[in-house]
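An overview of the molecular structure
Each chain, written out:
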Amino acid sequence: MNFSEILKDNNEFGRYLSSFNNTPISVSGIVESAFSHFVYSSKTNKNTIVVMENEEQAKKLFYDLGFYCDNTLYFPTREYIYHNIEATAHFSEHKRINTLNQILSSKKPQIVVTSLEAVLGYTIPKKLLAENTLTIKTGDQFSLDELIEKLIYMGYTRDDCVEGCGQFCVRGGILDIFSPSNDFPYRIEFFDDCVDSLRIYDYVSQRTIETTDEAIIIPCHEALKNDETKERISQVIDKNIKSLKRKKTDFSELILSLEADKEAITQGIEFYAIDKYASLLYGKIYTILDYFSDDDFIFIYEPKRLFEQSKTLMWEFEEKVKDFSKTSMLISDDIEFSLSFDDFCKISSKMRHISVNSLNHTEVIYNYNATFDFESRTTISLHGKIDYLFNDLQKWQNDNTTVIILASNRSRGENICGILNDRGISAEFLNDKKEFRQNKISIIVGEIKKGFEYPASKFVIISEQEIFDTEKKKQRRKIENTKRLKSYTDINVGDYIVHQSHGIGKYTGMKKMT
């Protein structure tokens, strides 16, 4: 069997799969550690977005989903900039745009994991991203001057040499460009206006990694400013300046700030604080949800917690707006900065919506057409106490439970398997295979943050972190050499121990090295 078949004999799961045309639906009893497997097992065969309460939970879920399938994407939170100073990096923005591009270009359905804050933040509209994605092939005809102008509009910076994502340089008939869609920059050689060759190269060593027939160049900023955008923002700034001048209170500092913003935007000067005018960029707030259709799926984990998180985000944002308004940095009239939580709920309820809860159902936000109840448990961390593991495995083996133990590498896996067999616990090492025998104990190379159990399906998966406690790195107190030697006397020959680097082992005694 494989991981997609764990719940196949569960009648409630069968009813759940049959209800996908009757959403929104609610699921209870799925603990957070089992949520990644539950999403994977749902096999929606459609583009799917999974919304978690915060960034930390989203990253954990993305990590775990990567063990089960390879069609997962991560959409990080947008870092809003209200000061007109150059940001040190645009990593999150580049990651967001690349994820959006993969949603549009992928031939198979994708599972996108994100947080509430990220899904509410504005981004580039779907149509605009498609229109400003360049596909350059060997033999294509391009005017280099027009191409340079296009790249600047797409948010690229021209430099003497390419040292990071979002940069390009031109030397004679050679164009080097680092697109967020690629891990390395492209080197495009022109013969007159014809693309003569395409290579992917290492910008540190300047050596060619491989030749290619096609280069995909996507925008490197979510905020693209065309003439229509500049005019829209200018009109709102002029309106606010006129309003401020009529007031008795002295707003001269804010007026100067607005005039400087207008000049930078209209004259094409690099303007880093464009987030101040978020909803004016494209006439409304566009989010990642606009990249999904009503026929696509959305999973929301713990909707009640999402609701509480939305109130926290709103309070934090309002406080930030007050601070910037006091320092004459921001106008909030006529401008929206993100999607409201109410609008998020309206949009998500039109999709194939599935709310998942660890405990009971909640109807704080949505009215559900059907509810389904499951039972799952989070496995308990052993903190290196191997005897507890042996006892649990013996119990599960006697109960014909399917047990999967994950090891970080082949050496660890073979070591665990050998120790278990020595203790009379039948186990087999499968390396990185995802096929295993039902009602048996198998060791597989792979990692998830936390294990879980489906009692009704007699299935348990245990992560290496729970056995060896590798997640927590405590600073050890230095002890004298005499005390260290005394501590070894507490270990008897034949005892099983846990080595921090090598895993489970058997203590065979002390040997003096000469």
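For the structure, check the block above.
What counts, and at which threshold
- Residues numbered from 1 in each chain as written.
- Predicted model: local features only at pLDDT ≥ 70, side-chain atom pairs only at ≥ 80, totals over all residues.
- Heavy atoms only, no water.
- Helix = DSSP H or I, 4+ residues; strand = E, 2+ residues; numbered from the N terminus.
- Expected span 1.5 Å × (residues − 1).
- Buried < 20%, exposed > 50% of the residue type's maximum accessible area, 1.4 Å probe, protein only.
- Contact = heavy atoms within 4.5 Å.
- Polar contact = N/O pair within 3.5 Å; in protein donor to acceptor, adjacent residues only side chain to side chain.
- Axes fitted to C-alpha atoms, helices over the stretch in contact; angles between N-to-C directions.
- Parallel < 35°, antiparallel > 145°, perpendicular 65-115°, else oblique.
- Left-handed = near helix turned anticlockwise from the far one by under 90°.
- Nonpolar A, V, L, I, M, F, W, Y, C, P; charged D, E, K, R; others polar.
- Pairing = 2+ DSSP bridges.
- Phe/Tyr/Trp six-rings, centres within 6.5 Å; stacked < 30°, edge-to-face > 60°.
- Salt bridge = Lys/Arg side-chain N within 4 Å of Asp/Glu carboxyl O.
- Patch = residues over 30% accessible without salt bridge, like charges linked within 9 Å, V, L, I, M, F, W, Y side chains within 5 Å.
- Areas by Shrake-Rupley, 256 points an atom, 1.4 Å probe, with all protein chains shown as cover.
- Lys, Arg positive; Asp, Glu negative; His and termini not counted.
- Charge placed at Lys NZ, Arg CZ, Asp CG, Glu CD.

Topic: helix α9 (residues 252-266)
For α9, built from 15 residues, the straight-helix expectation of 21 Å at 1.5 Å per residue is met to within 8% by its first-to-last C-alpha distance of 21 Å. Among the residues of α9, L254, I255, S257, L258, D261, A264 and I265 are the ones counted as buried. Elements in contact with the buried residues of α9: α8 (227-246). Following α9 by one or two positions, G268 adopts a phi angle in the positive range, close to 75°.

Let's talk about the environment of E231
Within the secondary structure, E231 is located in helix α8. Spatially, the C-alpha atoms of E231 and L281 are 9.9 Å apart, while their sequence positions differ by 50 residues.

Here we look at the side chain of R187
Looking at where R187 falls in the secondary structure, it is placed in strand β9 (residues 186-191). Within polar-contact distance, the side chain of R187 engages the side chain of D176 at 2.8 Å.

Topic: the packing of helix α2 (residues 32-42) against helix α3 (residues 55-68)
Contact geometry for α2 and α3: axes closest at 9 Å, N-to-C directions at 50°. Classified by the interaxial angle, the pair formed by α2 and α3 is oblique. Of the two possible hands of crossing, α2 and α3 adopt the one that is right-handed. Residue-level inspection shows E32, F35, S36, H37 and Y40 of α2 in contact with α3, the latter providing Q57, L61, D64, L65 and Y68. Tallied by class, the residues present in the contact of α2 with α3 amount to 5 nonpolar, 3 polar and 2 charged.

Some remarks on the side chain of E466
By secondary structure assignment, the location of E466 is in helix α15 (residues 464-468). Side-chain polar atoms of E466 contact the side chain of T379, separated by 2.2 Å. At 2.8 Å, the side chain of E466 forms a polar contact with the backbone nitrogen of G451.

A few points about unusual backbone geometry
Residue P24 is reached from T23 by a cis peptide bond, and omega for that bond is 5°. Locating P24 in the fold gives a position in the loop between α1 (11-17) and β1 (25-28). Despite not being glycine, K43 shows a phi value in the positive range, around 45°. In this fold, K43 is placed in the loop between α2 and β2 (48-52). At N45, a position not held by glycine, the phi torsion is positive, near 60°.

Notes on the environment of F184
By the secondary structure assignment, F184 is in the loop between β8 (174-177) and β9. F184 gets classed as partly exposed once you look at its relative accessible area, which sits at 33%. C-alpha of F184 to C-alpha of R199: the two residues are 15 residues apart in sequence and 10.0 Å apart in space. Every residue in contact with F184, bar those within four places of it in the chain, is listed here: F178, I200, Y201, D202 and I209.

With respect to the pairing of strand β4 (residues 111-115)
It is a general feature of regular strands that their side chains alternate between the two faces of the sheet. Summarising burial for β4: 5 of the 5 residues are buried, a large majority. Neither face of β4 is exposed, since I111, V113 and S115 on one face and V112 and T114 on the opposite face are all buried. Summarising the sheet, β2 and β4 pair through 5 bridges and their orientation is parallel. Within β4, the position partnered with V51 by the bridge is T114. Across 4 bridges, strand β3 (residues 72-75) lies against β4 in parallel orientation. Counterpart to Y74 in the pairing with β4 is V113.

Examining the packing of aromatic side chains
Scanning the model with the defined rule gives 29 aromatic pairs in all. Ring geometry for F3 versus F67: centroids 5.3 Å apart, planes at 70°, classification edge-to-face. Of this pair, F3 sits in the segment before α1 while F67 sits in helix α3, and the two are 64 residues apart along the sequence. For the pair shown, F3 and F67 are each scored as buried. Here Y80 and Y122 contribute two aromatic rings whose centre-to-centre distance is 5.8 Å and whose plane-to-plane angle is 75°, an arrangement assigned as edge-to-face. In this pair, Y80 sits in the loop between β3 and α4 (91-105) while Y122 sits in the loop between α5 (116-120) and α6 (126-131), placing the two residues 42 residues apart along the sequence.

Concerning the pattern of salt bridges
Under the definition given, this model contains 26 salt bridges. One salt bridge in this structure joins E53 and R305, with 3.0 Å as the shortest N-O distance. Of this pair, E53 sits in the loop between β2 and α3 while R305 sits in helix α11 (residues 303-326), placing them 252 residues apart in sequence. We note a salt bridge from K458 to D399, for which the minimum N-O separation is 3.7 Å. One end of the pair, K458, is in the loop between β20 (452-454) and β21 (459-462); the other, D399, is in the loop between α13 (386-398) and β17 (402-407), and 59 residues separate them in sequence. On the basis of relative accessible area, K458 is assigned to the partly exposed category, the value being 36%. Look at D399 and you get partly exposed, because its relative accessible area is 39%. A single network of salt bridges, built from pairs that share partners, joins R78, E93, R96, E222 and D275.

A word on a negative patch on the surface
Residues D145, E146, E149, D192 and D193 make up a contiguous surface patch of negative charge. The topology assignment puts D193 in the loop between β9 and β10 (194-201).

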